[in-house]
Amino acid sequence: MRPLKLVPEDTNIDWMRWRHLATVLTVTMVAASIALLVFRGLNFGIDFVGGQNVRVTFAQPVHIDTLRERIGRLGYGEATIQQFGSPTDIAIRLPVPGGDDAAASKAVAQIRNVIGSNYPGAHIGSVEAVSGKVSGELFQKGAMALGFAMLAVAIYIWFRFEWQFGLGALLALAQDMIVTLGFFALTQLEFNLNTIAALLTIIGYSLNDKIVIFDRVRENLRKYRKMEIVPLLNLSINETLARTVMTSLTLITALTALVVLGPNVIFGFSLAMLLGIVVGTYSSMFVGNGILIQFKVGPGSFKSDEEKAAEVKERTGPVSFKDMP
């Protein structure tokens, strides 16, 4: 039985002919994402802003505005009330009440009284409480984790390859992060610790994908000394295309199943991962390689002093290293 091949071995697609269109698309996505983050902002979960999060299952669908008005009368600030799952499943999120843990317990007790007296048959499920101090520490540590991860990626690729590859990978990863954050700002999905975990996973996957392509690019730079950089990049992408397609398609299939059929508690995580895989694959093929073209990387960019001396000697006669520029 012959093995299944999604990508033929003799694939010869001119990927780089779309690099200008990809540049416009990348700039547009990044600019739009930054604008959304500035003017719309992220819908931070209680992990990062603190507060009370109460999930209630009602006996029948309720009017959201009426419920919000009744909760608002408690005096704890504006409540965020959203449906999750069925129309009878409601999440109620309140700002952190002033005071200590006793104040938080009092707020939850008052919410129970309001729901019990106005909505017979309602069942209060999980109750989560995060203080403002803890939420601030979680946000700071989450931001530091993302920053250190991207810095470590840049340093790793810089040492393994050359600085052009490191900068290309870093900018491509930055695009992946910004576009994913922009999507959360657009949809106002809750941004919590699960989302941070998804972003860190995206960094790991995207880095692995870029290293595979960059490694083949470096190998071909040494192998094809007279080939121009654009056809060389096309060759490298086509040679690694089977691996890229199989890996990405497998992950996309699994994550799509989680988004459609998975539990609500990991919906944001699964959707962030799905978007990150798609954007990460795109950036590996176009953004990172496009930056190599911008820096005019070619077969002669990384020749050793011995190789340069040999070429100069072949053209002009013997030469010492100190005579070389």
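Residues numbered from 1 in each chain as written. Predicted model: local features only at pLDDT ≥ 70, side-chain atom pairs only at ≥ 80, totals over all residues. Heavy atoms only, no water.

**Considering the layout of surface pockets**
The test is simple: Buriedness of a pocket was judged along seven lines, with at least five required to meet protein on both sides within 12 Å; pockets are open sets of points on a 1 Å grid over the protein atoms alone, cavities are sets where a 1.4 Å probe fits but cannot get out, and lining residues have an atom within 4 Å of a point. Grid points are joined across faces, edges and corners, and a volume is the space filled by probe spheres set on the points. The way it works is that DSSP assigns letters per residue, a run of H or I at least four long becomes a helix, a run of E at least two long becomes a strand, and they are numbered from the N terminus.
In this structure, the largest pocket spans a volume of roughly 650 Å³. For the largest pocket, the lining is made up of 24 residues, of which R55, Q82, E190, N192 and N264 are closest to its centre. Going through the elements one at a time, α2 (46–49), β2 (51–57), β3 (80–83), β4 (89–94), α7 (193–223) and α10 (267–294) are the ones with two or more residues in the lining of the largest pocket. Secondary structure elements with two or more residues in the lining of the second largest pocket: α1 (19–39), α6 (163–187) and α10. Sort the elements by how many residues they give to the lining of the second largest pocket and α10 lands first, with seven residues.

**A short note on the nonpolar core**
In plain terms, the rule: Each nonpolar core is a collection of buried residues, namely Ala, Val, Leu, Ile, Met, Phe, Trp, Tyr and Cys, held together in the definition by side-chain atoms within 4.5 Å. Note on exposure labels: buried denotes an accessible area under 20% of the residue type's maximum, exposed denotes more than 50%, and partly exposed covers the range between, all computed with a 1.4 Å probe on protein chains only.
If you look at the biggest cluster of nonpolar residues, it comprises 48 residues, and the most contacted ones within it are I157, F165 and V217. Elements represented by at least two residues in this core include exactly α5 (132–160), α6, α7, α8 (229–239), α9 (241–261) and α10. Counting 19 residues, the second largest nonpolar core, distinct from the first, contains L67, Y76, I90 and L94.

**Thoughts on α9**
Quick reminder of the rule: Between the first and last residue of a helix there are one fewer steps than residues, each counted as 1.5 Å, and that sum is the expected span. The arc refers to the directions leading from the helix axis to the C-beta atoms.
An ideal rise of 1.5 Å per residue puts 30 Å on 21 residues; α9 measures up with 29 Å between its terminal C-alpha atoms. Looking only at α9, the buried set comprises L241, T244, S248, L255 and V259. Down the axis of α9, the buried set is contained in an arc of 90°. They therefore lie on one face. Facing away from the buried surface of α9 by more than 90 degrees, the exposed residues are T250, T253 and L261.

**Considering the pairing of β4**
To be explicit about the condition: Strand pairing follows a simple DSSP-based rule, namely that at least 2 bridges must link the two strands.
Most of β4 is tucked away, with six of its six residues classed as buried. Alternating residues of β4 divide into D89, A91 and R93 and I90, I92 and L94, and every residue in both groups is buried. Summarising the sheet, β2 and β4 pair through six bridges and their orientation is antiparallel. Paired with N53 across the strands is R93, a residue of β4. Bridging between β3 and β4 involves four bridges; their strand directions are antiparallel. Residue pairing in the sheet places T80 in a bridge with R93 of β4.

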